[in-house]
Amino acid sequence: MRLTQIFAAAALALASTFAVADDAAEKAIRQSLENLQLDVPVDTISASPLPGLYEVKLKGSRVLYASADGQYIVQGYMFQLKDGKPVNLTEKTERLGISKLINAIPVAETVVYPAVGETKSHITVFTDTTCPYCHKLHAEVPELNKRGIEVRYVAFPRQGLGSPGDEQLQAVWCSKDKKSAMDKMVDGKEIKAAKCDNPVSKQFALGQSIGVNGTPAIVLADGQVIPGYQPAPQVAKLALGAK
């Protein structure tokens, strides 16, 4: 059962009953989530800023909330008012989780376009060489580099594994000069590379786990995900603000 089907409503009441003692909360919540047959593993369960409600971090950084007895599961944003201004605590937690996942990708497994001069920040872009808007963004990579932004490409075959995009991305990642291969492939030129062990399927799964469902998807250093194409000046402004 998929997450979107499970959480069509804001809260779910489960039939099972559990002890409400704090030391039993994690066990109760895990049992409830197991009963729900989530397709995403649970990473951690901890107390949330709101007394009586627990924060459930799923693999890929998504966040749910649960009552201590496990009978209520809530999906949605938690806000805290600070000096009269709302702070989205859920988004902050999710961005932190995404940032850790993305920045843990070995740079050697990405296609890197380094900044010109001082590196002020970096972005990670889930791309597909068959995607027109990826081509449009790629044409602006030199502008991003001039603004001090390092661009790291990771693979996301938008039509799935085994698609033409998947085959092209594997060819790029199996090339001796991945940067040159990427440029040629985006330019519509055919490249040939021997099959090799490559991270394309792993990166595709990572993208799915953090909610990427199309390309390009730009991830800032702080974990903010920008879906779709944005002009270089806008991307640079966001990237420099997120460093």
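The following refers to the structure shown. (Residues numbered from 1 in each chain as written. Predicted model: local features only at pLDDT ≥ 70, side-chain atom pairs only at ≥ 80, totals over all residues. Heavy atoms only, no water.)

## Remarks on helix H3 (residues 89-103)
The cut-off we apply is this: By definition, any uninterrupted DSSP run of H or I lasting at least four residues is a helix, any uninterrupted run of E lasting at least two residues is a strand, and each is numbered from the N terminus. Working rule for helices: expected span equals 1.5 Å times residues minus one. Burial classes: relative accessible area under 20% of the type maximum marks a residue as buried, over 50% as exposed, and values in between as partly exposed (1.4 Å probe, protein chains only). Polar contacts, as used here, are pairs of N or O atoms within 3.5 Å; protein pairs need one atom able to donate a hydrogen and one able to accept it. Residues neighboring in sequence count only if both atoms are side-chain atoms.
Helix length check: H3, at 15 residues, gives a terminal C-alpha distance of 21 Å against a target of 21 Å (1.5 Å per residue), a fit within 8%. For H3, the full list of buried residues reads Leu-89, Thr-90, Thr-93, Glu-94, Ile-98, Ser-99 and Ile-102. The backbone nitrogen of Thr-90 has a side-chain oxygen 3.2 Å away, supplied by the residue at the start of H3, namely Asn-88.

## Here we look at the pairing of strand E7 (residues 85-88)
As a general feature of sheets, a regular strand has side chains that alternate between the two faces. Definition in use: Whether two strands pair depends on DSSP finding at least two bridges between them.
Judged from the four bridges that link them, strand E6 (residues 79-82) and E7 form a sheet pairing that is antiparallel. Across the sheet, Lys-82 pairs through a bridge with Lys-85, a residue of E7. Counting the residues that bridge the hairpin from E6 to E7 gives two residues, and of these Asp-83 lies at a positive phi of roughly 55 degrees.

## A few points about the environment of Gly-76
Rules: Contacts are residue-level and defined by heavy atoms, with any inter-residue pair within 4.5 Å sufficient.
As for its placement among the helices and strands, Gly-76 is situated in the loop between strand E5 (72-74) and E6. When residues no more than four places from it in sequence are discounted, the contact partners of Gly-76 are Tyr-65 and Thr-90.

## Details of the layout of surface pockets
Operational definition: Site definitions follow a grid-based scheme: protein atoms alone, a 1 Å grid, a 1.4 Å probe that fits but cannot get out for cavities, and for pockets an open set with protein on both sides within 12 Å along at least five of seven lines, plus lining residues having an atom within 4 Å of a point. Grid points are joined across faces, edges and corners, and a volume is the space filled by probe spheres set on the points. Residues are grouped as follows: Ala, Val, Leu, Ile, Met, Phe, Trp, Tyr, Cys and Pro are nonpolar; Asp, Glu, Lys and Arg are charged; every other residue, Gly included, is polar.
Space inside the largest pocket adds up to approximately 540 Å³. Listing elements by their share of the lining of the largest pocket, those giving two or more residues are H3 and strand E12 (225-227). Top contributing element to the lining of the largest pocket by residue count: H3, with five residues. Considering only enclosed or pocket space, the second largest pocket measures out at about 320 Å³ in volume. With five residues, helix H8 (residues 200-209) is the single largest residue contributor to the lining of the second largest pocket. Tallied by class, the residues present in the lining of the second largest pocket amount to five nonpolar, four polar and six charged.

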